[in-house]
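Each chain is listed here by its residues.
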Amino acid sequence: MENKTACVKINGRLEITRPVALAMLNHLSRDIASIGGSVEFKKDILSFNPVVVKAGIRITLPNGAVLQFESLGGAEEQDIKGEKRIYHDALGTAETRATKRLLEEVVGEDFINKLLMSGAISEAQTQKKPATDKQKAYLKKLIQAGKIKSVDVESLSFEEASHLIDKAKQN
């Protein structure tokens, strides 16, 4: 099993999601700042057909040492499903790929893979508690009211249902 909020399976391999990559970069920035350093993160669009994005990070440590990393991410039209927002979605995909590759350069792909595998194994070893009848009924009302997308309420876990309910309450 995979944690749908932390990683996805792409070509048989677990990959961190965009929110996880951004959270890891934010955590890295806070850690560097807490010791008196600084982090600058930058993205540049290099081309639009295919979309290619360059992500860069410059880390200045308290002792004056500077670490710089760069990475590229790309997306082509056929990578994107649908046509309505193809360039917007292609840009987002390219940015995500560049950011994830950059993160792998900074903290190490092996480190990220170990985190993913430990999370995937621990999640596979725990049984998911199903959503309660009360949660299911409430979610059905939210779907009918158009406050959330239609989902298969019967197959949701307690945690997934709680997440959807919390998200709807925030909106």
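Keep in mind that this is a model prediction, so the values were computed, not measured.

(A) Summary view of the overall build of the protein. Helix and strand content of the protein: 5 helices and 5 strands. Counting from the amino terminus, helix and strand elements in the protein follow one another as β-β-α-β-β-β-α-α-α-α. The buried share of the protein, reckoned over its 171 residues, is 29%. Counting contacts in the protein only where the partners sit at least 6 residues apart, residues at least 24 apart contribute 49% of the total. Taken as a whole, the protein presents about 11500 Å² of accessible surface, with 52% of it coming from carbon and sulfur.

(B) Highlighting the pattern of salt bridges. With the rule as written, the count across this model stands at 7 salt bridges. Two residues, Lys43 and Glu95, come together in a salt bridge whose shortest N-O distance is 3.9 Å. Of this pair, Lys43 sits in strand 3 (residues 38-48) while Glu95 sits in helix 2 (residues 86-107); the two residues are 52 residues apart in sequence, bridging distant segments of the chain. For Glu154, the salt bridge is made with Lys140, and the minimal N-O distance between the two is 3.1 Å. Of this pair, Glu154 sits in the loop between helix 4 (133-144) and helix 5 (158-170) while Lys140 sits in helix 4, placing them 14 residues apart in sequence. Overall, the relative accessible area of 48% leaves Glu154 in the partly exposed class.

(C) Representation of the packing of helix 4 against helix 5 within the structure. As a packed pair, helix 4 and helix 5 sit with axes 10 Å apart at the nearest point and diverge in direction by 40°. The orientation of helix 4 with respect to helix 5, classified from their angle, is oblique. Crossing geometry of helix 4 relative to helix 5 is assigned as left-handed. Here Gln135, Tyr138, Leu139 and Leu142 of helix 4 lie close against helix 5, whose contacting residues are Phe158, Ala161, Ser162, Leu164, Ile165, Ala168 and Lys169. Looking at the contact of helix 4 with helix 5 residue by residue, the classes come out as 8 nonpolar, 2 polar and 1 charged.

(D) Representation of the sheet that holds strand 5 (residues 66-75) within the structure. In spatial order, the strands read 3-4-5; together these 3 strands make up an open sheet with antiparallel pairing. Because the sheet does not close on itself, it has two edges, and the strands there are strand 3 and strand 5. Recorded for the sheet is a direction-independent mean angle of 15° between the axes of neighbouring strands. Bridge analysis of strand 3 against strand 4 (residues 51-60) gives 10 bridges, and the strand direction is antiparallel. From the neighbouring strand, Phe41 faces strand 4, where its bridge partner is Ile57.

(E) Region of the structure containing the nonpolar core. Counting 20 residues, the largest nonpolar core has Ile16, Met24, Leu28, Ile57, Ile59 and Leu103 as its most contacted members. Taken together, the elements giving at least two residues each to this core come down to helix 1 (18-34), strand 4 and helix 2. Among all residues touching Ile57, those that are not within four sequence positions of it are Leu25, Leu28, Val39, Glu40, Phe41, Leu67, Gln68, Phe69, Leu102 and Val106. Counting 10 residues, the second-largest nonpolar core is a separate cluster that includes Ala131, Leu139, Val153 and Ala168.

So, how was this worked out
- Residues numbered from 1 in each chain as written.
- Predicted model: local features only at pLDDT ≥ 70, side-chain atom pairs only at ≥ 80, totals over all residues.
- Heavy atoms only, no water.
- Helix = DSSP H or I, 4+ residues; strand = E, 2+ residues; numbered from the N terminus.
- Buried < 20%, exposed > 50% of the residue type's maximum accessible area, 1.4 Å probe, protein only.
- Contact = heavy atoms within 4.5 Å.
- Areas by Shrake-Rupley, 256 points an atom, 1.4 Å probe, with all protein chains shown as cover.
- Salt bridge = Lys/Arg side-chain N within 4 Å of Asp/Glu carboxyl O.
- Axes fitted to C-alpha atoms, helices over the stretch in contact; angles between N-to-C directions.
- Parallel < 35°, antiparallel > 145°, perpendicular 65-115°, else oblique.
- Left-handed = near helix turned anticlockwise from the far one by under 90°.
- Nonpolar A, V, L, I, M, F, W, Y, C, P; charged D, E, K, R; others polar.
- Pairing = 2+ DSSP bridges.
- Core = buried A, V, L, I, M, F, W, Y, C linked by side-chain atoms within 4.5 Å.

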